[in-house]
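# Chain and residue survey
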Amino acid sequence: MSDVKPRSFVSAQMVAERAGVSRSAVSRTFTDGASVSAATRHKVLEAASALGYHVNHLARVLRERSSIVCLVVADITTPIRAHMVDVLTRKLQAAGKVIMIINTETDIESVSAALRQTLNYRADATVVLSGTPPAALIETCLANGQQVVLINRDDKLVGSHNLGVDNTLASAEALFLLRRAGCRRLGLVTSTAGTASLVERERAFVAAASEAGLPVIVTSSGPTSYASGFESARQLFGQSQSPDGVFCVTDLLALGFMDAARHEFSLRIPEDLCIVGFDDIEQASWESYKLTTFAQPLAAMASHVVDLLLNPAVAGTERRLFAPVPAWRKSVRPTPAQP
């Protein structure tokens, strides 16, 4: 656990004093096209780095809280992430917050640059929906006085709020549904994303199956996408010991897996194969899929985020888990198949 604690606001005057230059020299250093010698620029940048100073691009005249909340989001086009952003922005705007969405790729450099922008614009808070920002960057936000809310991460950083879904419960329930359906050859489909929530679902499902004496074939064929789910089905059903019950750690993977199983291997769902997903995206309820899955309670999570941001004095650190909501449909048999 980190021991980083919020520090007081670092002003341009403090940078000037440390660098031994005038305040105007600091201002010129951080103004594009302004005249400043190389030696002065070096001293100012060195002092700014040592103090953790970041330029306020919005308004150096601001003296009150900005009401800006930054959402740092990766993979924004995926159905679950798009839904999460929609729910959060509606709740935050209704609470009088100004939303800055930073759409970033999942590589560390891109996310790091996005988090630095939240400091430059003196955001009151940052909500991180991406699994990739390193803890050191989040600590920098905390050290600069921001509220930080992490969603579906496993960090334990002093001062941050961490919300997530109870993946262990969902995985145990998924196993129960498959066993009740009479499935004995189990598979798990995940992705190469390696985010905390996906890894947690995989580990919990495999552990629960192991306790029940059931081995699990785990496969991943790429990023969290329909295409990866499709390819995973090709891999699993291209071998002699193929599964009769599968837990896909996201619905998007499950939809691709279902289509490949039906159209390339002529398997009937749920008669020959039972599938459980996770997320309850809109497409999961479509007639073509009727996927049994677990929903993330996004409305409740978003309301809790708003409550936290409206009460900045509330201490952070403790992780709060929300129970997943089962969505029973037709991709799992209610009873074992008849011989």
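Check the entry above for the structure.
Residues numbered from 1 in each chain as written. Predicted model: local features only at pLDDT ≥ 70, side-chain atom pairs only at ≥ 80, totals over all residues. Heavy atoms only, no water.

### Let's talk about the overall build of the chain
Looking only at helices and strands, the chain has eleven helices and twelve strands in total. Taking all 339 residues of the chain together, 50% fall into the buried category. For the chain, the proportion of contacts with a sequence separation of at least 24, taken over those separated by at least 6, is 70%. When the accessible surface of the chain is summed, it comes to about 15800 Å², and 51% of that surface belongs to carbon and sulfur atoms. (Helix = DSSP H or I, 4+ residues; strand = E, 2+ residues; numbered from the N terminus. Buried < 20%, exposed > 50% of the residue type's maximum accessible area, 1.4 Å probe, protein only. Contact = heavy atoms within 4.5 Å. Areas by Shrake-Rupley, 256 points an atom, 1.4 Å probe, with all protein chains shown as cover.)

### Describing the sheet that holds strand β5 (residues 161-165)
Taking strand neighbours across the sheet as the criterion, the six strands line up as β2-β1-β3-β4-β5-β11 in an open arrangement whose pairing is parallel. Edge positions in the sheet fall to β2 (98-104) and β11 (319-322), since each has one partner strand and no second. Geometrically, the sheet is characterised by an average inter-axis angle of 20 degrees between neighbouring strands, direction not taken into account. Where strand β1 (residues 68-74) meets β2, seven bridges bridge the pair, whose relative direction is parallel. The partner of leucine 71 across the bridge, within β2, is isoleucine 101. Its contacts with the sheet put helix α4 (residues 79-94) on β1, β2, β3 (125-128) and β4 (147-151), and the angle it makes with β1 is roughly 175 degrees. (Pairing = 2+ DSSP bridges. Axes fitted to C-alpha atoms, helices over the stretch in contact; angles between N-to-C directions.)

### Side note on the packing of helix α9 (residues 226-237) against helix α10 (residues 251-265)
One way to put it is that α9 packs onto α10 with a least axis distance of 6 Å and a crossing angle of 45 degrees. Relative to α10, α9 is oriented oblique. Pair α9 / α10 crosses with right-handed handedness. Along its contact with α9, which presents Tyr226, Ser228, Gly229, Phe230, Ser232, Ala233, Arg234, Leu236 and Phe237, the element α10 presents Leu252, Leu253, Leu255, Gly256, Phe257, Asp259, Ala260, Ala261, Glu264 and Phe265. Across the contact of α9 with α10, the residue classes break down as twelve nonpolar, four polar and three charged. (Parallel < 35°, antiparallel > 145°, perpendicular 65-115°, else oblique. Left-handed = near helix turned anticlockwise from the far one by under 90°. Nonpolar A, V, L, I, M, F, W, Y, C, P; charged D, E, K, R; others polar.)

### A look at the packing of aromatic side chains
Applying the stated criterion across every chain yields a total of five aromatic pairs. Ring geometry for phenylalanine 205 against phenylalanine 247: centres 5.2 Å apart, planes inclined by 40 degrees, an arrangement best described as tilted. Taken together, the positions of phenylalanine 205 in helix α8 (residues 196-211) and phenylalanine 247 in strand β8 (residues 245-248) put the pair 42 residues apart, joining distant regions of the chain. According to the relative accessible area criterion, phenylalanine 247 is buried, its value standing at 0%. Three or more aromatic residues joined by ring pairs make a cluster, and in this case those are Phe237, Phe257 and Phe265. The ring of phenylalanine 278 has arginine 201 sitting right over it, with the charged end atom 3.7 Å from the ring centre. (Phe/Tyr/Trp six-rings, centres within 6.5 Å; stacked < 30°, edge-to-face > 60°. Lys NZ or Arg CZ within 6 Å of the ring centre and 35° of its normal.)

### Let's talk about α10
For α10, with 15 residues, the first-to-last C-alpha span of 20 Å sits near the 21 Å given by 1.5 Å per residue. Burial analysis of α10 places eleven of its 15 residues in the buried class, which makes it a mostly covered element. Buried residues of α10: Asp251, Leu252, Leu253, Ala254, Leu255, Gly256, Phe257, Met258, Asp259, Ala260 and Ala261, and no others. Those residues of α10 that are buried lie in contact with α4, β6 (186-190), α9, β8, β9 (274-276) and β10 (293-295). (Expected span 1.5 Å × (residues − 1).)

In short, the description is geometric, and any link to function would need to be established separately.
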